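Here is how the chains run, residue by residue.
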Amino acid sequence: QVHLVESGGGLVQPGGSLRLSCVASGLAASIAAMAWYRQAPGKEREWVAGITNDGGTGNYGDSVKGRFTISKDNAANTVYLQMDSMKPEDTAVYYCNARYSDTRGSVYEYWGQGTQVTVSS
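(A) Quick peek at the state of the cysteines. The tally for this structure, following the rule as stated, stands at one disulfide. Shown here is the disulfide that connects Cys 22 with Cys 96, its sulfur atoms set 2.1 Å apart. Its S-S torsion of about -80 degrees marks the bond between Cys 22 and Cys 96 as left-handed, since a negative value means left-handed. Highlighted residues: Cys 22 in strand β3 (residues 18–25) and Cys 96 in strand β9 (residues 92–101), separated in sequence by 74 residues. For the pair formed by Cys 22 and Cys 96, the shared burial category is buried.

(B) Examining the pattern of salt bridges more closely. On inspection of all chains with the given rule, the structure shows six salt bridges. One salt-bridge network, held together by shared partners, links Arg 38, Glu 46, Arg 67 and Asp 90.

(C) Structural detail: the pairing of β3. Where strand β1 (residues 3–7) lies against β3, five bridges are found, and the strand directions are antiparallel. When the sheet's bridge partners are listed, Val 5 is paired in β3 with Val 23. Strand direction decides the pairing type here: β3 and strand β8 (residues 78–83), joined by six bridges, are antiparallel. Looking across to β8, one finds that Leu 18 is bridged to Met 83.

(D) Main features of the nonpolar core. Grouped together as the largest cluster of nonpolar side chains are 30 residues, with contacts concentrated most on Met 34, Trp 36, Leu 81, Met 83 and Tyr 94. Residue assignment for this core shows that the elements contributing at least two residues are β3, β4 (33–39), β5 (46–51), β7 (68–73), β8, β9 and β11 (115–119). In terms of residues, this core owes the most to one element, β9, which gives five residues.

(E) The side chain of Lys 72, seen in detail. With respect to the helices and strands, Lys 72 occurs in strand β7. No salt bridge is formed by the buried Lys 72. Its closest oppositely charged neighbour is Asp 54, at 6.9 Å. Separated by 2.6 Å, the side chain of Lys 72 and the backbone oxygen of Asn 53 make a polar contact. Only 2.8 Å separates the side chain of Lys 72 from the side chain of Asn 74, close enough to count as a polar contact. What Lys 72 contacts, discounting residues up to four positions off in sequence, is Ala 29, Ser 30, Ala 32, Met 34, Ile 51, Thr 52, Asn 53, Gly 55, Thr 78 and Val 79.

(F) Broad picture of the sheet that holds β1. The strand order across the open sheet built from four strands is β1-β3-β8-β7, with neighbouring strands paired in antiparallel fashion. Only two strands of the sheet have a single partner each, and these edge strands are β1 and β7. When strand polarity is set aside, the average angle formed by the axes of neighbouring strands in this sheet is 15 degrees. As judged from the six bridges shared by β7 and β8, these two strands associate in the antiparallel manner.

Calculation criteria
- Residues numbered from 1 in each chain as written.
- Predicted model: local features only at pLDDT ≥ 70, side-chain atom pairs only at ≥ 80, totals over all residues.
- Heavy atoms only, no water.
- Disulfide = S-S within 2.5 Å.
- Helix = DSSP H or I, 4+ residues; strand = E, 2+ residues; numbered from the N terminus.
- Buried < 20%, exposed > 50% of the residue type's maximum accessible area, 1.4 Å probe, protein only.
- Salt bridge = Lys/Arg side-chain N within 4 Å of Asp/Glu carboxyl O.
- Pairing = 2+ DSSP bridges.
- Core = buried A, V, L, I, M, F, W, Y, C linked by side-chain atoms within 4.5 Å.
- Lys, Arg positive; Asp, Glu negative; His and termini not counted.
- Polar contact = N/O pair within 3.5 Å; in protein donor to acceptor, adjacent residues only side chain to side chain.
- Contact = heavy atoms within 4.5 Å.
- Axes fitted to C-alpha atoms, helices over the stretch in contact; angles between N-to-C directions.

Right under this line is the structure:
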């Protein structure tokens, strides 16, 4: 059974930094593309950043480009989201996502339970 467990959320002041972690169990991170999404109250879930299965290429939503960095440690089955220069509009529940395709082309997708990030003075 696959589990994704996020940690690292909390309260931070505007301009501050946080680092989120997501540990995967039951799934080898080396075979999965992984991503971070977020959902603010009253809004739809938003894709924040994604990284390829080999951890080589990261992509970012326009709202976080230049401020957030996604990285992956396949040996530790962990994906990270370093968040710098944070803004109040970054306040949301952040979710970890893993997706992979098997040899038959079937797609599997998993979600973590989310971690709250609040940016406020």
